[in-house]
Each structure stands twice: as structure tokens, then as C-alpha cells.
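Residue-level structure breakdown
One-letter residues, chain by chain:
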Amino acid sequence: VHLVESGGGLVQPGGSLRLSCAASGFTFSRYGMNWYRQAPGKERELVAAITSAGGITNYADSVKGRFTISRDNAQNTVYLQMNSLKPEDTAVYYCNARHERNARFEYWGQGTLVTVSE
């Protein structure tokens, strides 16, 4: 099983980034997909979630209206479009896969660093 995030980097406040997470080794379409983040000295938090078929999404209040999660089940990829970035969005962003019926089956990516700074 592999979850490989990409797209992180340094961006100025107000800028945009698009994170991608490429999945392999499991039946992607049977898994809800989530993006978490962990800032220095803070606990990991759920940022955005999308159901296995992509019909339902949820967001942390801190990113609502700025971030959009989407998925392409044909490409086994989940995305996080991040707009109007703020310095407080600085964190390592992790891709997470959790089976739609059995949460014991859960996988994590290695993370990608997003830094929002002048």
C-alpha cells in the first residue's frame, strides 16, 4: 500500500497550492479519503474529508470556503485545492485512507510540507 503526497511548498499569504495524493495497493474506490495536517507543536487535525464515491465532503471550520477536496477514482488520486492561504495554514499535510465499512483498514502517506510565509 502506498499513499504519496505531492504539491507542497512555499507560498505567500493569499496564494494557492494544490496537493495531490496518489494511491496504490488497495481498492481506492472503497475508501473514504481525508487530508490531515500537523503544525509544529500542535496535534494533527482533520482538514477535509470525502466519501468513497465523492458525494459528500466535510471541512474544518478553519478552511471552509478556502479549501476544496476532490477525488478521481479512475486515477486513484485525491486532491486538496488550497486558496487564500494564511500563515496559520503552515503544516505538514497528510493523506489518509479509511475503509468505508471498516475503519481498522487505514493508511497514511508520508506527508508534504506547506509553508505560507512572506
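The structure this text deals with has already been given above.
On a predicted model such as this, the values are computed, not experimentally measured, just so you know.

Topic: the overall build of the protein chain
What the protein chain contains, in helices and strands, is zero helices and 11 strands. Ordered by position from N to C terminus, the α and β elements of the protein chain give β-β-β-β-β-β-β-β-β-β-β. The globule rule puts the C-alpha radius of gyration for 118 residues at 13 Å, and the 13 Å found for the protein chain is close to it. Principal axes of the C-alpha set define a box for the protein chain whose edges measure 40 × 25 × 25 Å. For the protein chain, with 118 residues in total, the buried portion stands at 41%. For the protein chain, the exposed surface amounts to about 6,300 Å²; the carbon and sulfur share of it is 47%. Taking the 12 positively charged and 10 negatively charged side chains of the protein chain as two groups, their mean positions are separated by 6 Å.

Comments concerning the pattern of salt bridges
Under the criterion given, the structure shown has five salt bridges. Two residues, E45 and R37, come together in a salt bridge whose shortest N-O distance is 2.7 Å. Note on E45: relative accessible area 33%, which makes it partly exposed. Taking relative accessible area as the criterion, R37 reaches 5% and is therefore assigned buried. One salt bridge in this structure joins K64 and D61, with 3.2 Å as the shortest N-O distance. When salt bridges with common partners are traced through the structure, they connect R37, E45, R66 and D89 into a single cluster.

A look at the pairing of strand β11 (residues 112–116)
Only one face of β11 is covered, namely the face carrying T112, V114 and V116; the face carrying L113 and T115 is uncovered. The pairing of strand β2 (residues 9–11) with β11 spans three bridges and is parallel. Paired with V11 across the two strands is V116, which belongs to β11.

Observations concerning the sheet that holds strand β1 (residues 2–6)
Reading across from one edge, β1-β3-β8-β7 is the order of the four strands in this open sheet, with antiparallel pairing throughout. Two strands in the sheet have a free side with no partner beyond their single neighbour: β1 and β7 (67–72). Between one strand axis and the next, the sheet turns by 15° as a mean value, whatever way the strands run. Here β1 runs beside strand β3 (residues 17–24); their pairing, made up of five bridges, is antiparallel. Opposite H2, over in β3, you have S24 as the bridge partner.

Topic: the environment of N96
Within the element layout of this structure, N96 appears in strand β9 (residues 91–99). For N96, a relative accessible area of 0% corresponds to the buried category. In this structure N96 touches L3, G32, M33, N34, Y36, E106, Y107 and W108, once residues within four positions along its chain are discounted. At 2.7 Å, the side chain of N96 and the side chain of N34 are in polar contact. At 3.4 Å, the side chain of N96 forms a polar contact with the backbone oxygen of Y107.

Criteria and thresholds
- Residues numbered from 1 in each chain as written.
- Predicted model: local features only at pLDDT ≥ 70, side-chain atom pairs only at ≥ 80, totals over all residues.
- Heavy atoms only, no water.
- Helix = DSSP H or I, 4+ residues; strand = E, 2+ residues; numbered from the N terminus.
- Rg over C-alpha atoms; globule rule 2.2 N^0.38 Å.
- Buried < 20%, exposed > 50% of the residue type's maximum accessible area, 1.4 Å probe, protein only.
- Areas by Shrake-Rupley, 256 points an atom, 1.4 Å probe, with all protein chains shown as cover.
- Lys, Arg positive; Asp, Glu negative; His and termini not counted.
- Charge placed at Lys NZ, Arg CZ, Asp CG, Glu CD.
- Salt bridge = Lys/Arg side-chain N within 4 Å of Asp/Glu carboxyl O.
- Pairing = 2+ DSSP bridges.
- Axes fitted to C-alpha atoms, helices over the stretch in contact; angles between N-to-C directions.
- Contact = heavy atoms within 4.5 Å.
- Polar contact = N/O pair within 3.5 Å; in protein donor to acceptor, adjacent residues only side chain to side chain.

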